[in-house]
Amino acid sequence: EKLGQASANGQFGFGMQAFRACCERLRVRSRTGSEAPLLEIAVPRNQASGFEIVQLETPEDLERLQDSGTTVILEDIEDVWASNKEDLSVQGCADEIENHFERLLSRGNLEVLV
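Residues numbered from 1 in each chain as written. Predicted model: local features only at pLDDT ≥ 70, side-chain atom pairs only at ≥ 80, totals over all residues. Heavy atoms only, no water.

1. Here's the deal with the nonpolar core
Filter applied, for reference: For our purposes a nonpolar core is just a set of buried Ala, Val, Leu, Ile, Met, Phe, Trp, Tyr and Cys residues, chained together by side-chain atoms within 4.5 Å. Each residue is placed in one exposure class: buried if its accessible area under a 1.4 Å probe, protein chains only, is under 20% of its type's maximum, exposed if it is over 50%, and partly exposed if it falls in between. Only heavy atoms matter for contacts: two residues are in contact if any of them lie within 4.5 Å across the pair.
Among the nonpolar cores identified, the biggest contains five residues, and these are Phe19, Cys22, Cys23, Leu26 and Val43. Those residues in contact with Phe19 that sit more than four places away from it in its chain are Glu24, Arg25, Leu26, Val43, Pro44, Arg45 and Leu74.

2. Considering the pairing of strand E1 (residues 23-31)
We count it as follows: One bridge is not enough; two strands pair if DSSP finds at least two bridges between them. By the criteria applied, helices consist of DSSP H or I runs no shorter than four residues and strands consist of E runs no shorter than two, each listed in order from the N terminus.
Here E1 pairs with strand E4 (residues 69-77) via eight bridges, running antiparallel. Note on E4: the bridge partner recorded for Arg29 is Thr71. In this structure, E1 lies alongside strand E2 (residues 38-44), joined through six bridges in antiparallel fashion. When the bridges of E2 are listed, Val28 appears paired with Ile41. Where E1 folds back on E2, the antiparallel hairpin that results is connected by six residues.

3. A closer look at the environment of Glu75
For clarity, the cut-off: Nitrogen and oxygen atoms within 3.5 Å of one another constitute a polar contact, given that in protein one can donate a hydrogen and the other can accept it, and given that sequence-neighbouring residues count only through two side-chain atoms.
Within the secondary structure layout, Glu75 lies in strand E4. In this structure the C-alpha to C-alpha distance between Glu75 and Pro44, which are 31 residues apart in sequence, comes to 9.4 Å. Dropping the residues within four chain positions of it, Glu75 is found in contact with Cys23, Glu24, Arg25 and Arg27. Here Arg25 takes part through its side chain, which lies 2.5 Å from a polar atom of the side chain of Glu75. Within polar-contact distance, the side chain of Glu75 engages the side chain of Arg27 at 2.9 Å.

4. Brief notes about a nonpolar patch on the surface
As a reminder of what qualifies: Residues enter patches when they are more than 30% accessible in relative terms and free of salt bridges; like-charged ones are connected within 9 Å and nonpolar ones (Val, Leu, Ile, Met, Phe, Trp, Tyr) within 5 Å. Here the Shrake-Rupley method, with its probe set to 1.4 Å, supplies the accessible areas, and only the displayed protein chains count as covering residues. A pair is scored as a salt bridge if a Lys or Arg side-chain nitrogen falls within 4 Å of a carboxyl oxygen belonging to Asp or Glu.
A grouping of Phe101, Leu104, Leu110 and Val112 is seen on the molecular surface, where their side chains present a nonpolar patch of about 320 Å² in accessible area. Within the secondary structure, Leu104 sits in helix H3 (residues 102-105). The class of Leu104 is partly exposed, set by a relative accessible area of 37%.

Written out as structure tokens, the structure is:
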């Protein structure tokens, strides 16, 4: 019943909609293999429908995701999410990801780049 409903929560809560609390835009890039097209969907914080999936073709984009996989990009993260009122750092992001996704990261078939 949730399929296709932008406002529906997933099994574990807000799911990918949680990005709206911390940044302006979420981009998801994915492909099923090295010969498959690289597709991207961009979701601005204040947009709830009318999303378009585009095929990326620049050598730079294709180089970043050469085989099958998915890349999630959070853009324009708000300063309020910085720890201890410090600037948001790469290490701070990595620490938060590790703290919240420890079980997922332990699988071994996942790579996180910050």
